[in-house]
Number of protein chains: 2
Amino acid sequence: MFSIGELSRRTGVKIPTIRYYEQMGLIDAPERSEGNQRRYTKAGLQRLSFIHHSRELGFPIEDIKTLLELSQHPDKPCHDAHGIAVRHLGQVQRRIAKLRRLERELKRLSQCDGDTISDCAVIETLADHGLCETDH
Amino acid sequence: MFSIGELSRRTGVKIPTIRYYEQMGLIDAPERSEGNQRRYTKAGLQRLSFIHHSRELGFPIEDIKTLLELSQHPDKPCHDAHGIAVRHLGQVQRRIAKLRRLERELKRLSQCDGDTISDCAVIETLADHGLCETDH
DNA sequence: CTTGAAGCTATAGTGACTAGAGGGATTATA
DNA sequence: TATAATCCCTCTAGTCACTATAGCTTCAAG
C-alpha cells in the first residue's frame, strides 16, 4: 500500500496527473486511508505503468482505454490491439517525415548571418513560403 | 480586398482559426464591409501566410508574435529571431530522436502475431516497461 | 427578388494536463 | 507529547491552439 506520492515516484507520473487519470476513468478510485488519502496496491501501480508507458509512446487516452479493456480479456483476439499499434505507427512515421523536413529548414534558418532584420534569413524564410526548400 | 473565405482558401488557414488569430492579437482586425464582414488586403494575406508557415514549422504563437514584431523593425539586430530559430531547432531534433525510438518500438509491436490477447506483444510490451528495447 | 452560400457573434468543447487556493493528514524530530 | 515539516485533499480555473455549435445576417448569382 502506497500513497499517491510514492506511486508518483515509482511510476514517474505526476500527482495531479494521477488524480486526473482517476477522474477520466483510466484507473479505478483506490481505497482510502482513515484520513481519506489514496492508498494504492501493486495492481494499481502496474496499471498506471501501463498507462504511463502508453502515453510516452504517444497513444491518446481513448486508445489506452481500449487497450486496457482488451488486456482484461486475455481470451479475446488481439486484433484491435494490433490495429491500434499499426495505425499509431503510421502516424508516427508521418510525424517523423514532417519533422525531418522541418529540421532541414530550421538548420538553414539558424545559419542566418545577417546583422539586421532586413537581411535575416529567419524572417525572410518565414515570410515567403515560396522560398522554402521543401513543400509542406 | 477579399473575404475571410477567400483569405482562408489562399492561405490554407481555416476560417475560425483566422478569427481566433485576430482575437489573440496575431493579426490586426481588418476593415469591414458595409454589412460588417471582414475585408482583407494583400498585407493581411502576407501576415497570415507568415503566421501559417511559422505554425506549420511548430513555432508557438508567442514566438510568432515576437518574430512578427521583429520583422516590423528591419533595422534592429536579428539576434532574437536567430535565437528563436536555434532554440526551436534543438527542440525539433529532440522530438525526432524520441519519435525514432518510438518508431522502432512500435514496429516491433505491430509485428505481433499472437492470436489472443494473452500472447499479444502489444499488450505485453505496454504492460511491462522492462521489456522495452529502448529507454525512454 | 429570391435563394443558397457565406459570413457574423458568442459560447462551449477538445486533449491532456497544470496551477492555485485553502484546507486536513501523516510523519519525523525535539 | 507537542510541533513542525511535509504530504495530501477537493475544487476551480488556466493552458494551448484550435474546433464546433447555434442562431442570426449579408452577399452574389440567376
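Every value quoted in this text rests on a predicted model; they were computed, and no experiment measured them.

Peer 1: An account of the overall build of chain A is requested, with residue identities and associated values reported.
Peer 2: A count of helical and extended segments in chain A gives six helices and two strands. Each helix and strand of chain A, ordered N terminal to C terminal, gives the series α-α-β-β-α-α-α-α. Across the 136 residues of chain A, 41% fall into the buried class. In chain A, once contacts between residues fewer than 6 apart in sequence are set aside, the share between residues at least 24 apart is 49%. Here chain A has roughly 7700 Å² of accessible surface; of this, 46% comes from carbon and sulfur atoms.

Peer 1: If you had to explain helix α2 (residues 15-23) of chain A to someone new, which residues and values would you point to?
Peer 2: Residues and elements named next belong to chain A. For α2, the set of buried residues is Ile18, Tyr21 and Glu22. The buried residues of α2 occupy an angular sector of 105 degrees when the element is viewed end-on, so they sit on one face. In this structure, α2 carries Pro16 and Gln23 as exposed residues pointing more than 90 degrees from its buried face. Looking at the residues trailing α2, positive phi occurs at Gly25, about 80 degrees.

Peer 1: Go over the packing of aromatic side chains with me, naming the residues and quoting the values.
Peer 2: Considering all chains together, one arrives at two aromatic pairs over all chains under this definition. A ring pair is formed by Tyr20 of chain B and Tyr21 of chain B, whose centres lie 5.9 Å apart and whose planes are at 45 degrees; its orientation type is tilted.

Peer 1: Describe in detail the layout of surface pockets, supporting the description with residues and values.
Peer 2: In this structure, the largest pocket spans a volume of roughly 460 Å³. Lining the largest pocket are 21 residues, and of these Arg95, Lys98 and Leu99 of chain A together with Arg95 and Leu99 of chain B lie nearest its centre. Elements with a minimum of two residues in the lining of the largest pocket: α3 (42-56) and α5 (79-110) of chain A together with α3 (42-56) and α5 (79-110) of chain B. For the lining of the largest pocket, the class distribution of residues is six nonpolar, five polar and ten charged. Its boundaries defined by the atoms lining it, the second largest pocket holds a volume of some 380 Å³. Around the second largest pocket, the lining is made up of 19 residues, and of these Ala43, Gly44, Gln46, Arg47 and Leu48 of chain B lie nearest the centre. Elements supplying a minimum of two residues to the lining of the second largest pocket: α3 and α4 (61-71) of chain B. The element that contributes the greatest number of residues to the lining of the second largest pocket is α3 of chain B, accounting for six residues.

Peer 1: Any details on the confidence of the model for chain A? Residues and values, ideally.
Peer 2: Residue and element names in this part refer to chain A. Taken as a whole, chain A shows an average pLDDT of 78; of its residues, 75% reach a score of 70 or greater. Per-residue pLDDT, averaged within each element of chain A, yields its smallest value for helix α6 (residues 121-127) (64) and its largest for strand β2 (residues 38-39) (96). With pTM at 0.70, the complex prediction returns an ipTM value of 0.65.

Peer 1: Quick rundown of the protein's contact with DNA strand D? Include the residues and the values.
Peer 2: Within the structure, DNA strand D sits among 19 residues, and Ser3, Arg19 and Arg38 of chain A together with Tyr21 and Arg55 of chain B are positioned closest to it. A breakdown of the atoms of DNA strand D within 4 Å of the protein gives sugar and phosphate a share of 89%. Contacts to DNA strand D include Ser3 of chain A, whose side-chain N or O atom sits 2.7 Å from a phosphate oxygen. One of the side-chain N or O atoms of Thr17 of chain B is found 3.5 Å from a phosphate oxygen in DNA strand D. The set of elements that each furnish at least two residues to the surface near DNA strand D consists of α1 (4-11) and α2 of chain A together with α2 (15-23) of chain B. Tallying contributions element by element places α2 of chain B first for the surface near DNA strand D, with three residues.

Peer 1: Outline the packing of α3 of chain B against α4 of chain B, listing residues and values.
Peer 2: Residue and element names in this part refer to chain B. The geometry of α3 relative to α4 is characterised by a closest axis approach of 10 Å and an angle of 140 degrees between their N-to-C directions. Here α3 lies oblique to α4, going by the angle between them. Considering how the two elements wind past one another, α3 and α4 form a crossing that is right-handed. Taken together, the residues of α4 that come into contact with α3 (itself represented by Arg47, Phe50, Ile51, Ser54 and Arg55) are Ile61, Ile64, Leu67 and Leu68.

Reading guide: rules and limits
Residues numbered from 1 in each chain as written. Chains lettered and ligands numbered in written order. Predicted model: local features only at pLDDT ≥ 70, side-chain atom pairs only at ≥ 80, totals over all residues. Heavy atoms only, no water. Helix = DSSP H or I, 4+ residues; strand = E, 2+ residues; numbered from the N terminus. Buried < 20%, exposed > 50% of the residue type's maximum accessible area, 1.4 Å probe, protein only. Contact = heavy atoms within 4.5 Å. Areas by Shrake-Rupley, 256 points an atom, 1.4 Å probe, with all protein chains shown as cover. Arc of directions from axis to C-beta. Phe/Tyr/Trp six-rings, centres within 6.5 Å; stacked < 30°, edge-to-face > 60°. 1 Å grid on protein atoms, 1.4 Å probe; cavity = no way out; pocket = protein on both sides within 12 Å on 5 of 7 lines; lining within 4 Å. Points joined across faces, edges and corners; volume = space filled by probe spheres on them. Nonpolar A, V, L, I, M, F, W, Y, C, P; charged D, E, K, R; others polar. pLDDT = per-residue confidence, 0-100. Near = heavy atom within 4 Å. Polar contact = N/O pair within 3.5 Å; in protein donor to acceptor, adjacent residues only side chain to side chain. Axes fitted to C-alpha atoms, helices over the stretch in contact; angles between N-to-C directions. Parallel < 35°, antiparallel > 145°, perpendicular 65-115°, else oblique. Left-handed = near helix turned anticlockwise from the far one by under 90°.

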